[in-house]
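# Overview (structure and organization)
Spelled out, the chains give:
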Amino acid sequence: MLIKRPPRIASSEITPEPIYRARRQFMRQSVALGTAAIAAGAVGGAQAKPSFVAKADVASPPWLRDKIAGAAADTSEINDTLTPYEHVTSYNNFYEFGYNKDDPAKHSGSLKPHPWQVEISGEAEKTGTFDLEDILSKVELQERVYRLRCVEAWSMVIPWIGFELGSLLKQFNPTSRAKYVAFTTLKDTKQMPAQGSAFGTIDWPYVEGLRMDEAMHPLTLLAVGLYGKALPNQNGAPLRLVVPWKYGFKSIKSIVKIEFTEEQPPTSWNISAPNEYGFYANVNPKVDHPRWSQATERRLPSGLFSPNIIDTQMFNGYDEVASLYRGMDLKKYF
Ligand code: MTE
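Residues numbered from 1 in each chain as written. Predicted model: local features only at pLDDT ≥ 70, side-chain atom pairs only at ≥ 80, totals over all residues. Heavy atoms only, no water.

### Digging into the site of the ligand
Heads up, the rule is: In this text, near means that some heavy atom of the residue lies within 4 Å of the molecule or strand in question. In protein, a polar contact requires one atom able to donate a hydrogen and another able to accept it; more generally it is a pair of N or O atoms within 3.5 Å, and residues adjacent in sequence count only if both atoms are side-chain atoms. All accessible areas in this document rest on Shrake-Rupley with a 1.4 Å probe, and a residue is counted as covered only by the protein chains that are shown. Cavity: a set of points on a 1 Å grid over the protein atoms alone where a 1.4 Å probe fits but cannot get out. Pocket: an open set with protein on both sides within 12 Å along at least five of seven lines, its lining residues, like those of a cavity, having an atom within 4 Å of a point. The way we define it, a molecule is inside a pocket or cavity when more than half of its atoms are within 2 Å of that pocket's grid points. Charged residues are taken to be Asp, Glu, Lys and Arg, nonpolar residues to be Ala, Val, Leu, Ile, Met, Phe, Trp, Tyr, Cys and Pro, and polar residues to be all remaining types, Gly included.
Every one of the 17 residues lining the ligand counts as a neighbour, but Tyr 95, Glu 96, Arg 240, Ser 251 and Lys 253 are closest to it. Within the side chain of Glu 96, a nitrogen or oxygen atom sits 2.8 Å from a nitrogen atom of the ligand. Side-chain polar atom of Thr 185 to a nitrogen atom of the ligand: 2.9 Å apart, as the coordinates give it. Within the complex, the protein chains bury 100% of what would otherwise be the 530 Å² of accessible surface of the ligand. Of the pockets mapped on this structure, the ligand occupies the largest cavity. In terms of residue class, the shell around the ligand is built from eight nonpolar, six polar and three charged.

Here is the structure:
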């Protein structure tokens, strides 16, 4: 993870939450209209797609758009201003597409998120490889507004569309030996060109893991969308993890495999630099990274004249997870 100068962004570009809410209602109606238009096109000739349907949505299959349009409204009580869509989708870490913040948005067009399958394996009664469509047919989508805090000390506030990871894991009846859950990103140098680079610091594929109780916590999401649309490739289409009380590197993107394990699984950044990135990676203002103080963070958008520096909160403000770590030395298990 490299240090980059923050882009200069006027605070006037921030989308206030009420405007997004109103827009979201509008988008739901638009998606329904768009689907009807496509269906009509199938029987009555081509029809122009409504111009307000985002690029990512046009590329995603109708079943996914319908599913997202039916997501239950957010009930979280976060009052933070949302980070505008443009910033959420253009300032990314997705090293499979390059190391600069704008590389994923520029280069992730080669990723083909549909059709997509996920392998479920390991310590569970039921295992196998499943189509994403089947997986999603068995879960309820919800919108959740979460803070995302990167270990590089920047943060965003994102309205995700997703479902509780626990609601999926339970369907496979994990055995009593399942103590951890391991996740793997796609490995394919054709779709993810930077995996073929000789200069990378990551041994591909990107891997991550959670302890079973962390994976089952109701805050832990698998996301398929944001801002009421399917996930853009640069944000981890078609399926990514979101663990809001942990540093962003735990939120692995473009997942192809979920495995129940007895032992703590290896994780990409921990393999690369074990003294810098731990397995737990809980947001903690009192435990600094060797290169970045974690006491404060830059809430995006931020610029030279409005850096938007705020205090970092323990567990990123999600106090309800504190009981998962009772009695643990969080300096040792960072
Ligand atoms: N997942 C994969 N497969 N590859 C990555 O490089 N980067 C991580 C995480 N998930 C990464 C990944 C890091 S360091 C962060 S901070 C978040 O994704 C960034 O998510 P965002 O780009 O949607 O903001």
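### Describing empty space enclosed by the protein
The following threshold applies: Grid points are joined across faces, edges and corners, and a volume is the space filled by probe spheres set on the points. Helix and strand assignments follow DSSP, with helices taken as H or I runs no shorter than four residues and strands as E runs no shorter than two, numbered in order from the N terminus.
Under the counting rule described, the total for this entry stands at four cavities of 30 Å³ or more. Here the largest cavity is characterised by a volume of approximately 290 Å³. Per element, the largest residue contribution to the lining of the largest cavity is four residues, and it comes from strand S4 (residues 154–164). Residue composition of the lining of the largest cavity, by class: 15 nonpolar, six polar and three charged.

### As for the environment of Ser 251
Stated formally: The buried label applies to any residue whose accessible area, calculated with a 1.4 Å probe on protein chains only, is under 20% of its type's maximum; exposed applies above 50%, and partly exposed to all values in between. It only takes one pair of heavy atoms within 4.5 Å for two residues to be counted as in contact.
As for its position among the elements, Ser 251 is in the loop between strand S9 (240–242) and strand S10 (255–261). We classify Ser 251 as buried; its relative accessible area is 4%. Along the chain, Ser 251 and Leu 241 lie 10 residues apart, while their C-alpha atoms are 4.7 Å from each other. Contact partners of Ser 251, with chain neighbours within four places excluded, come to Arg 240, Leu 241, Val 242 and Val 243.

### Section: the confidence of the model for the chain
In low-pLDDT segments, the atomic positions of the prediction should not be examined closely. The line we're drawing: Each residue carries a pLDDT score, the predictor's own confidence in it, on a scale running from 0 to 100.
Chain-level pLDDT for the chain is 87 on average; 83% of the residues reach the 70-or-more range. In the model, residues 2–18 has pLDDT below 50 throughout and makes 34 contacts with residues more than four positions away in sequence or in other chains. Predicted confidence is poor over residues 25–53, with pLDDT under 50, and the contacts of this stretch with residues over four places away or in other chains come to 23 contacts.

### Side note on unusual backbone geometry
Each neighbour pair has its own omega, and for Trp 204 with Pro 205 the value is 5 degrees, a cis peptide bond. Within the fold, Pro 205 resides in the loop between strand S5 (180–185) and strand S6 (207–211). In the Ramachandran plot, Ala 281 falls in the positive-phi region, its phi being about 55 degrees despite a non-glycine side chain. With a relative accessible area of 3%, Ala 281 lands in the buried category.

### Points about the nonpolar core
A general tendency of soluble globular proteins is for nonpolar side chains to be buried together. Where we set the bar: Throughout, nonpolar core names a set of buried Ala, Val, Leu, Ile, Met, Phe, Trp, Tyr and Cys residues whose side chains join them through atoms within 4.5 Å.
Formed by 86 residues in total, the largest nonpolar core has its most connected members in Phe 163 and Ile 258. By residue number, the principal contributor to this core is S4, which donates seven residues. Leave out the neighbours within four places in its chain, and Ile 258 touches Val 118, Glu 119, Ile 120, Ser 121, Leu 168, Leu 169, Val 181, Ala 182, Phe 183 and Leu 222.

### Some thoughts on the side chain of Gln 191
Here Gln 191 is to be found in the loop between S5 and S6. A distance of 2.7 Å separates the side chain of Gln 191 from the backbone nitrogen of Lys 112, its partner in a polar contact. When near neighbours in sequence (up to four residues on either side) are disregarded, Gln 191 contacts Phe 97, Ser 110, Leu 111, Lys 112 and Leu 186.

### Regarding the packing of aromatic side chains
Heads up, the rule is: Pairing of aromatic side chains requires ring centres within 6.5 Å, counting the rings of Phe and Tyr and the six-membered ring of Trp. Pairs whose planes differ by under 30 degrees are stacked, by over 60 edge-to-face, and all others tilted. Two conditions define a charge located above a ring, namely a distance within 6 Å from the ring centre to NZ of Lys or CZ of Arg, and an angle within 35 degrees of the ring normal.
Going through the model one piece at a time under the given rule, you end up with 14 aromatic pairs. With a centroid separation of 5.7 Å and 90 degrees between ring planes, the pair formed by Tyr 85 and Tyr 227 is classed as edge-to-face. Note that Tyr 85 is positioned in helix H4 (residues 85–88) and Tyr 227 in the loop between strand S7 (221–226) and strand S8 (229–230), a separation of 142 residues in sequence. Assigned by exposure class, Tyr 85 and Tyr 227 land together as buried. Ring plane angle 85 degrees and centroid distance 5.3 Å describe the contact between Phe 279 and Tyr 280, whose orientation is recorded as edge-to-face. Here the two residues Phe 279 and Tyr 280 agree in accessibility, since each one is buried. Each member of the aromatic cluster is reached from another via a ring pair, and the members are Tyr 180, Phe 279, Tyr 280, Phe 315, Tyr 325 and Tyr 333. Sitting over the ring of Tyr 318, Arg 147 keeps its end group 4.9 Å from the ring centre. The lysine or arginine in question, Lys 229, covers the ring of Tyr 85, its NZ or CZ lying 4.1 Å from the ring centre.

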